[in-house]
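Remarks on the overall topology
These are the residues of each chain, in order.
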Amino acid sequence: MSILILTACIAFLIIQIAWLKINPFIAFIITALLAGLFLGLPINTLSQTVQKGLGEMLGSITLIIVFGTCIGKLTVSSGAANVIAKTVMGWTGRKYVRLGLMITGFIVGIPLFYSVGFVLLVPLIFSVAHQFKLSKVYLGIPMLASLSVAHGFLPPHPSPMALSSILNADIGLVLVYGIIIAIPTIFIAGLLFSNLLKNIKTESDHEILNVEEVANHGKLPSFSLSLFSALFPVFGLTLTSILPLFTENETVENICKTIGEPSMIMLISLLICTYTLGIRMNRSITSVMDDYAAAIKDVALIVLIVGGAGGLKEVMIVSGVNETIVGALTQINIHPFLLAWIMAAIIRVCVGSATAAGLMTASVLLPLLQTTGLDPNLLVLSVGAGSLMCSHVNDPSFWMFKEYFNISLKDTFKSWTVMESLVSVLGIIFVFILNSIIH
């Protein structure tokens, strides 16, 4: 009965978001309260349970998401993202232009939210398409595949960060494994798949998009400085995760454990970017702080949605429904990674939000880790892959792609939806391959 109640509550959550158009944060809170009520939690402790789950979730990831958003904002406003893009494009030239766009999308996509990276890089795609007289969709899919993979697989993006927190994964290892899986995925789903899209034409140019439009607060940073600043979180998380594996020095291990704590790495990265991309570029500290304030406003709702998912997770734990779920799931003759992928994919198709799909799935799957000895890092990537499945009309990214590239619904399905589905399927395939190698 408890599983039926939980299933009904998740279905109601999907209906609220997809059909009634209720804000996902409010929908999560309503669902958590209803789930607790029907699962038999005492009414006088119900709200405290939801608050506890919300607080614990926000306490673990708020700093990381906020700092990461500020770094991304400064990367854009300082012109560093454009410097990276133009430099990579200069290296590849016309012959390997799609490879250059793909690499650019991956580099820029790590510190930036998908929507920010999309708006930033689409003008570059249009500029290159005009220069080389090539299809915009043909050029754009490799870059957007990179952005999508980074959004679904790699910290410090909200979904991988929240999944890592819920499933008790090591964020550094999630990042390392995610990059290993991402490279072949974007090569196939982006570079190779786009060869089939040469004949998709946009109806007209979008004059509002101008690739030369960058901030003029001061001088532009160099490529090396831009790359170092934007990717310092990646360097830091990777180094502090790998270094202890090659040494038995307790002091080194303690330093890596302290500095490598994700919120510490993100704070250090933020301070470095404030100097390298702000003060050093002749910008006032007030101007930089204004950028940070705008970035925090943009990410506030995402943080609240993640917190709402934490409230639902706490209700499941306190009610004991998680133990019931374990008993039921362990009877299903299917690998837990594939089960996680299927669940996330179904919810993604229904809700449209990759982040919401990942959070819903992770809350249900958490008990599996306690009985099956699964690698939580690969489980995070399995859920992340499933959450990218089959983007269609209920996904804002679907419409962003269609409207910016000015193509028909049919061509949007043929290009964007198929690309996202390929990313999802290839992601789970490479999770299994990586799992067989490291375990």
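Here, every reference points to the structure presented above.
Residues numbered from 1 in each chain as written. Predicted model: local features only at pLDDT ≥ 70, side-chain atom pairs only at ≥ 80, totals over all residues. Heavy atoms only, no water.

Here T240 is to be found in helix α10 (residues 223–242). Other than its neighbours up to four places away in sequence, T240 contacts C256 and G260. Side-chain polar atoms of T240 contact the backbone oxygen of G236, separated by 2.8 Å. (Helix = DSSP H or I, 4+ residues; strand = E, 2+ residues; numbered from the N terminus. Contact = heavy atoms within 4.5 Å. Polar contact = N/O pair within 3.5 Å; in protein donor to acceptor, adjacent residues only side chain to side chain.)

On to the layout of surface pockets. Put simply, the largest pocket is a space of about 1000 Å³. Residue lining of the largest pocket: 40 residues in total, with S115, H151, I302, T355 and P396 positioned closest to the centre. Tallied by class, the residues present in the lining of the largest pocket amount to 22 nonpolar, twelve polar and six charged. (1 Å grid on protein atoms, 1.4 Å probe; cavity = no way out; pocket = protein on both sides within 12 Å on 5 of 7 lines; lining within 4 Å. Points joined across faces, edges and corners; volume = space filled by probe spheres on them. Nonpolar A, V, L, I, M, F, W, Y, C, P; charged D, E, K, R; others polar.)

A grouping of F12, I15, W19, L20, I26 and I30 is seen on the molecular surface, where their side chains present a nonpolar patch of about 580 Å² in accessible area. Along the chain, the position of I30 falls in helix α2 (residues 24–38). (Patch = residues over 30% accessible without salt bridge, like charges linked within 9 Å, V, L, I, M, F, W, Y side chains within 5 Å. Areas by Shrake-Rupley, 256 points an atom, 1.4 Å probe, with all protein chains shown as cover. Salt bridge = Lys/Arg side-chain N within 4 Å of Asp/Glu carboxyl O.)

Attention shifts here to unusual backbone geometry. Here the phi dihedral of K133 falls at roughly 55°; this positive angle occurs in a residue that is not glycine. As for its position among the elements, K133 is in the loop between α6 (114–132) and α7 (136–153). A relative accessible area of 65% means that K133 is categorised as exposed. Within the chain, N406 stands out as a residue other than glycine whose phi angle is a positive 55°. (Buried < 20%, exposed > 50% of the residue type's maximum accessible area, 1.4 Å probe, protein only.)

Looking now at the side chain of R98. Along the chain, R98 falls in helix α5 (residues 97–109). Buried charge without a partner: R98 forms no salt bridge, and the closest opposite charge is E420, 16 Å away. (Lys, Arg positive; Asp, Glu negative; His and termini not counted.)

Another aspect to go through is the pattern of salt bridges. For the structure on display, the rule yields seven salt bridges. Its salt-bridge partner being K52, residue E314 comes within 3.2 Å of it at the nearest N-O pair. A residue pair is termed long-range when its members are at least 10 positions apart, and E314 in helix α13 (residues 285–319) and K52 in helix α3 (residues 43–77) qualify at 262 residues. Using a relative accessible area of 6% as the deciding quantity, one classes E314 as buried.

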